[in-house]
Amino acid sequence: MTQHALMSAEIHIDRAQGAYLYKKDGTAILDAISSWWVITHGHCHPKIVSAVQEQAAKLEQVIFAGFTHDPAEELTEKLMKLTNPAHEFVFYSDSGSTAIEVALKMAIGYHEHTGKPRHKVIALEGGYHGDTFGAMSTGARGVFNKLYEPFLFETVHIPVPTPDQEETALSTLEDLLAREGDNIAAFIFEPLVQGAAGMVMYSPESLQKMAAMCQAHGVLLIADEVMTGFGRTGALFACEKAGITPDLVALSKGITGGFLPMGATLCTRDIYMAFYKKDRTKTFFHSTSFTGNALACAAAKASLEIWENEDVMARIAMIDETHKKAVQRFETRDDISAVRHQGTLFALDVQVDGTQGYLSQLGPKLYEAVLSQNILLRPIGNTIYVLPPYCITADELESIYACIESSIARVL
Ligand code: PMP
């Protein structure tokens, strides 16, 4: 995602604490995007640091096929308590993309093994699900993956049910399901917020309607909560806000508090049972060397304990409230449009002439202008967003909004 021929030198980070990254000379940079949406409680949270240190001295990694260990068992128990009770099983991998690959393979395998093979997947226009080939296939056919298009499997992309096109989105889905619902294996979506598309938001009600339509046709629901999971939208998981129960959920990023890489694919008993046969050819064939890595499990378990023992939701509510006020402050400006927020996420679009979207020249300029004030934001084209770690204070949020104002003025 970095064009080295155009970018200035990388910034060398020496250490991190709370909401800050520190350069070797001691300069602090406020991490207003949680280091690509992964850090939840804050950098180097002492409880996660000591859990990983303790685990590292005992067991770092062991094959997870036919073997298990306490950190994995204890993490799973905690995860099952926090997530929808319909999800009784979990498959661990090592990133958001692999969690998605696993979900897609489970969905396709489910239909195969239950005797009704289905060959298509539905996704939302503009979606992003990762950069492996299955994930790219379901993602938007845009600048990120255009080059690889001939190698991607066919996916039917339908409009996102944003308020301006909700009816079109719902009727497109309805027609599609009426025509070929029995050949559609799954519907994959980022619930409520499409992150990489530029923080595109849609309502819980429209997601609920789409989910019900798919379920009526036996189309499995794959919720990609890689970005939205672990509090970003104000609820622990975005699907909770829509009151839907997907068949499969992909988690990553915030699961370890952002401390170590880990992916998790949750599934229902029905899906598990489709592969649970005396016939070895029906095995869920997916090996990933570091599945259930003991250090990642220990980090995730410690992170979930922070959710259990500290009032993380109060921190999230403070960010939510502060963002809500910021929306009022920005929405009166005529050089800005679509000022929006959802839980801990705040976003706006800067009015721009010329190239639109990800390749808008405004993005890199805004990035530099903000960074010169020691704040890390990474605009997506002309969309600026704030997605902070939950330890951030109201004063720090204020400094981010002020920096956005001055940076827009400078760049425009
Ligand atoms: N799904 C979503 C919604 C994402 O935002 C991302 C990463 N930004 C991914 C999947 C892929 O995750 P990873 O980069 O860990 O492979």
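Residues numbered from 1 in each chain as written. Predicted model: local features only at pLDDT ≥ 70, side-chain atom pairs only at ≥ 80, totals over all residues. Heavy atoms only, no water.

Asker: Explain the site of the ligand residue by residue, including any values.
Answerer: Around the ligand, a shell composed of Trp37, Ser95, Gly96, Ser97, Tyr128, His129, Gly130, Glu190, Asp224, Val226, Met227 and Lys253 is seen. Within the backbone of Gly96, a nitrogen or oxygen atom sits 2.8 Å from an oxygen atom of the ligand. The contact in question runs from a nitrogen atom of the ligand to an N or O atom on the side chain of Asp224, over 2.7 Å. For the ligand, the protein covers 82% of the area, taking 390 Å² as the surface of the free molecule. Counted by class, the shell around the ligand contains four nonpolar, five polar and three charged residues. (Near = heavy atom within 4 Å. Polar contact = N/O pair within 3.5 Å; in protein donor to acceptor, adjacent residues only side chain to side chain. Areas by Shrake-Rupley, 256 points an atom, 1.4 Å probe, with all protein chains shown as cover. Nonpolar A, V, L, I, M, F, W, Y, C, P; charged D, E, K, R; others polar.)

Asker: Explain the sheet that holds strand β16 (residues 383-386) residue by residue, including any values.
Answerer: If you walk across this open sheet you meet the three strands as β13-β14-β16, and the pairing is antiparallel. Two strands in the sheet have a free side with no partner beyond their single neighbour: β13 (336-342) and β16. Geometrically, the sheet is characterised by an average inter-axis angle of 15° between neighbouring strands, direction not taken into account. Each of β13, β14 (345-350) and β16 touches helix α11 (residues 312-331); the most contacted strand, β13, lies at about 170° to it. (Pairing = 2+ DSSP bridges. Helix = DSSP H or I, 4+ residues; strand = E, 2+ residues; numbered from the N terminus. Axes fitted to C-alpha atoms, helices over the stretch in contact; angles between N-to-C directions. Contact = heavy atoms within 4.5 Å.)

Asker: Requested: an account of helix α7 (residues 204-216), with residues and values cited.
Answerer: If you check α7, its first and last C-alpha atoms are 18 Å apart, about what 13 residues at 1.5 Å a residue would give, namely 18 Å. Within α7, the full set of buried residues consists of Pro204, Ser206, Leu207, Met210, Ala211 and Cys214. Viewed end-on, α7 has its buried residues packed into an arc of 160°, placing them on one side of the element. In this fold, the buried residues of α7 make contact with β5 (120-124), β6 (155-158), α6 (166-180), β7 (184-189), β10 (220-224) and α8 (238-242). With its phi angle positive at about 70°, Gly218 sits one or two positions after the end of α7. (Expected span 1.5 Å × (residues − 1). Buried < 20%, exposed > 50% of the residue type's maximum accessible area, 1.4 Å probe, protein only. Arc of directions from axis to C-beta.)

Asker: Before we move on, could you go through the layout of surface pockets and cite the residues and values that matter?
Answerer: Within this model, the second largest pocket holds a volume of roughly 640 Å³. Looking at the lining of the second largest pocket, the elements that each hand over two or more residues are α5 (133-138), β9 (200-201) and β13. For the lining of the second largest pocket, the residue count by class is 15 nonpolar, 16 polar and five charged. (1 Å grid on protein atoms, 1.4 Å probe; cavity = no way out; pocket = protein on both sides within 12 Å on 5 of 7 lines; lining within 4 Å. Points joined across faces, edges and corners; volume = space filled by probe spheres on them.)

Asker: Explain the packing of α11 against helix α13 (residues 394-411) residue by residue, including any values.
Answerer: Orientation of α11 relative to α13, taken along the N-to-C sense of each, is 25°, at an axis distance of 10 Å. Considering the angle they form, α11 stands roughly parallel to α13. Helix-helix and strand crossings are classified by hand; for α11 and α13 the assignment is right-handed. Packed against α11, whose contacting residues are Met318, Ile319, Thr322, His323, Ala326, Arg329 and Phe330, the element α13 presents Ala394, Leu397, Glu398, Tyr401, Ala402, Ile404 and Glu405 at the interface. (Parallel < 35°, antiparallel > 145°, perpendicular 65-115°, else oblique. Left-handed = near helix turned anticlockwise from the far one by under 90°.)

Asker: An account of the side chain of Ser407 is requested, with residue identities and associated values reported.
Answerer: Take Ser407: it is sitting in helix α13. Looking at Ser407, the relative accessible area reads 0%, which means it is buried. Setting aside residues up to four positions removed in sequence, Ser407 forms contacts with Leu366, Ala369, Val370 and Gln373.

Asker: Describe the packing of aromatic side chains, listing the residues and the values that go with them.
Answerer: Under the criterion given, the structure shown has 15 aromatic pairs. On the numbers, 6.0 Å between centres and 75° between planes, the contact of Trp307 with Tyr390 is edge-to-face. Of this pair, Trp307 sits in helix α10 (residues 294-309) while Tyr390 sits in the loop between β16 and α13, placing them 83 residues apart in sequence. Note on accessibility: Trp307 and Tyr390 belong to one class, buried. Both rings, one in Phe330 and one in Tyr401, keep their centres 6.4 Å apart while their planes meet at 70°; by these two values the pair is edge-to-face. Placement of the pair is Phe330 in helix α11 and Tyr401 in helix α13, with a sequence separation of 71 residues. Among the residues examined, Phe330 registers a relative accessible area of 0% and is labelled buried. Following the ring pairs from residue to residue traces out a cluster consisting of Phe89, Tyr272 and Tyr276. A cation over an aromatic ring shows up here: Arg15 above the ring of Tyr22, its NZ or CZ 4.1 Å from the ring centre. (Phe/Tyr/Trp six-rings, centres within 6.5 Å; stacked < 30°, edge-to-face > 60°. Lys NZ or Arg CZ within 6 Å of the ring centre and 35° of its normal.)

Asker: Describe the state of the cysteines, listing the residues and the values that go with them.
Answerer: According to the stated counting rule, one finds zero disulfides in the structure shown. Cys297 forms no disulfide, and the closest cysteine sulfur to it belongs to Cys267, at a distance of 17 Å. Taking relative accessible area as the criterion, Cys297 reaches 0% and is therefore assigned buried. The closest cysteine sulfur to the non-disulfide-bonded Cys391 is located on Cys44, 11 Å from its own sulfur. Looking at Cys391, the relative accessible area reads 30%, which means it is partly exposed. (Disulfide = S-S within 2.5 Å.)

Asker: Tell me about the pairing of β13, and name the residues and values.
Answerer: When β13 meets β14, the two strands line up antiparallel, connected through five bridges. Across the sheet, residue Gln342 finds its bridge partner in β14, namely Leu345. In this antiparallel pair of consecutive strands, β13 and β14, the connection spans two residues, and Gly343 shows a positive phi of 60°.

Asker: So what about a nonpolar patch on the surface? Which residues, and what values?
Answerer: A contiguous nonpolar patch, built from Met1, Trp36, Val143, Tyr358 and Leu359 and spanning about 510 Å² of accessible area, is present on the exposed surface. Mapping Tyr358 onto the fold places it in the loop between β14 and α12 (362-371). Overall, Tyr358 belongs to the partly exposed group, its relative accessible area being 33%. (Patch = residues over 30% accessible without salt bridge, like charges linked within 9 Å, V, L, I, M, F, W, Y side chains within 5 Å. Salt bridge = Lys/Arg side-chain N within 4 Å of Asp/Glu carboxyl O.)

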